[in-house]
Amino acid sequence: MTLIVHHLNNSRSQRLLWMLEELKLPYEIRFYERDKHTMLAPPELKEVHPLGKSPVLEDGGVKLVETGAICEYLVEKTGLLGPADQGEGLRRYRQFLHYAEGSVMPMLLLMLAMSKIPLMGKIAIKKVQPMVDVHLDYIEQELASRPWFAGQQMSAADIMMSFPLEAAVSRAGLSPSRPATMAWLKKIHARPAYQRALKKGGSYDYA
């Protein structure tokens, strides 16, 4: 059965397209566009799920939201892109799978919200940036010690971490001053599955 992805342009749902391409699973994309003035998701997404969020994955009678939960579902479904081992690799896998949305994205969303406020927003961003830098320094240290977030091979944890780090380049000062992180971004962007997902997903400003 073909999976259905409810996909919003320039959003976290691009990660799901990349994961499905890596897994080589058949899927259909249903496209939604952000409002050009508010940049919010369109009301049509609430007809798919009460939260009106993207991505939403449909697999027959199963309907899932939250990218992390969807990634875990697909790993369980296919047996692919999980941790390489049940020891340290599993711990890292679980940590970064949830760290992406639980710790990094809230900081980036706060910076985005502050950037919309004239003058006072700029002052607030200067106060938030040191907190963001703590995360970026931690990520740099982790990626300097191994090729992927969970260990020696790519996993769903890397897919989850892609959007916050891509967003950090444009929103939070991630730059070549953190070479291991930038090398990791270059590496994922060069993957054929990532490139296929870009072609299928439409507008995505963070790649």
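Residues numbered from 1 in each chain as written. Predicted model: local features only at pLDDT ≥ 70, side-chain atom pairs only at ≥ 80, totals over all residues. Heavy atoms only, no water.

### What about empty space enclosed by the protein?
Part 1: Evaluation of the coordinates by the stated rule reveals one cavity of 30 Å³ or more.
Part 2: The volume enclosed by the largest cavity comes to roughly 30 Å³.
Part 3: Forming the boundary of the largest cavity are V104, M107, L108, V132, H135 and L136.
Part 4: At the level of secondary structure, the elements contributing two or more residues to the lining of the largest cavity comprise α3 (88–115) and α4 (120–144).
Part 5: Per-class residue counts for the lining of the largest cavity are five nonpolar, one polar and no charged. (1 Å grid on protein atoms, 1.4 Å probe; cavity = no way out; pocket = protein on both sides within 12 Å on 5 of 7 lines; lining within 4 Å. Points joined across faces, edges and corners; volume = space filled by probe spheres on them. Helix = DSSP H or I, 4+ residues; strand = E, 2+ residues; numbered from the N terminus. Nonpolar A, V, L, I, M, F, W, Y, C, P; charged D, E, K, R; others polar.)

### Considering the nonpolar core
Part 1: Core analysis: the biggest nonpolar cluster contains 57 residues, and M19, L74, F149, M161, L165 and W184 have the highest contact counts within it.
Part 2: Among the elements that make up this core, the one with the highest residue count is α3 (eleven residues).
Part 3: Every residue in contact with L165, bar those within four places of it in the chain, is listed here: L136, I139, F149, L174, T181, W184 and L185. (Core = buried A, V, L, I, M, F, W, Y, C linked by side-chain atoms within 4.5 Å. Buried < 20%, exposed > 50% of the residue type's maximum accessible area, 1.4 Å probe, protein only. Contact = heavy atoms within 4.5 Å.)

### Comments concerning unusual backbone geometry
Part 1: Of note, the amide linkage connecting S54 to P55 takes the cis form, showing an omega dihedral of 10°.
Part 2: For P55, the location among the structural elements is in the loop between β2 (27–32) and β3 (56–59).
Part 3: Even without glycine at this site, E66 takes up a positive phi of about 75°.
Part 4: Residue placement: E66 occurs in the loop between β4 (62–65) and α2 (67–78).
Part 5: On the basis of relative accessibility, which here comes to 41%, the residue E66 falls in the partly exposed class.
Part 6: Despite not being glycine, L81 has its phi angle at roughly 65°, a positive value.
Part 7: Looking at the secondary structure, you find L81 in the loop between α2 and α3.

### Looking at helix α6 (residues 179–189)
Part 1: Those residues of α6 that fall on the buried side of the exposure criterion are A180, T181, W184, L185, I188 and H189.
Part 2: Turning to α6, the residues buried within the fold contact α1 (14–23), α4, α5 (156–171) and α7 (192–201).

### Re the layout of surface pockets
Part 1: Computed from the structure, the largest pocket encloses a volume of approximately 770 Å³.
Part 2: Lining the largest pocket are 27 residues, with N10, R12, R34, M39 and L109 positioned closest to its centre.
Part 3: Broken down by secondary-structure element, the contributors of at least two residues to the lining of the largest pocket are α3 and α5.
Part 4: Tallying contributions element by element places α3 first for the lining of the largest pocket, with five residues.
Part 5: Looking at side-chain class alone, the lining of the largest pocket contains twelve nonpolar, six polar and nine charged residues.

### Notes on the environment of G202
Part 1: In this structure, G202 sits in the segment after α7.
Part 2: G202 gets classed as partly exposed once you look at its relative accessible area, which sits at 39%.
Part 3: Residues G202 and F31 lie 171 residues apart in sequence; the distance between their C-alpha atoms is 8.8 Å.

### Thoughts on α4
Part 1: A rise of 1.5 Å per residue sets the reference length of α4, with its 25 residues, at 36 Å; its end C-alpha atoms lie 36 Å apart and thus fit the reference within 8%.
Part 2: A bend of about 30° at V128 is the largest found in α4, and the proline P130 appears one to four places after it.
Part 3: Burial in α4 covers these residues: G121, A124, V128, Q129, V132, H135, L136, I139, E140, E142 and L143.
Part 4: Summarising the contacts, the buried residues of α4 are in contact with α3, α5 and α6. (Expected span 1.5 Å × (residues − 1). Bend = angle between axes of the 7 residues up to and from the residue.)

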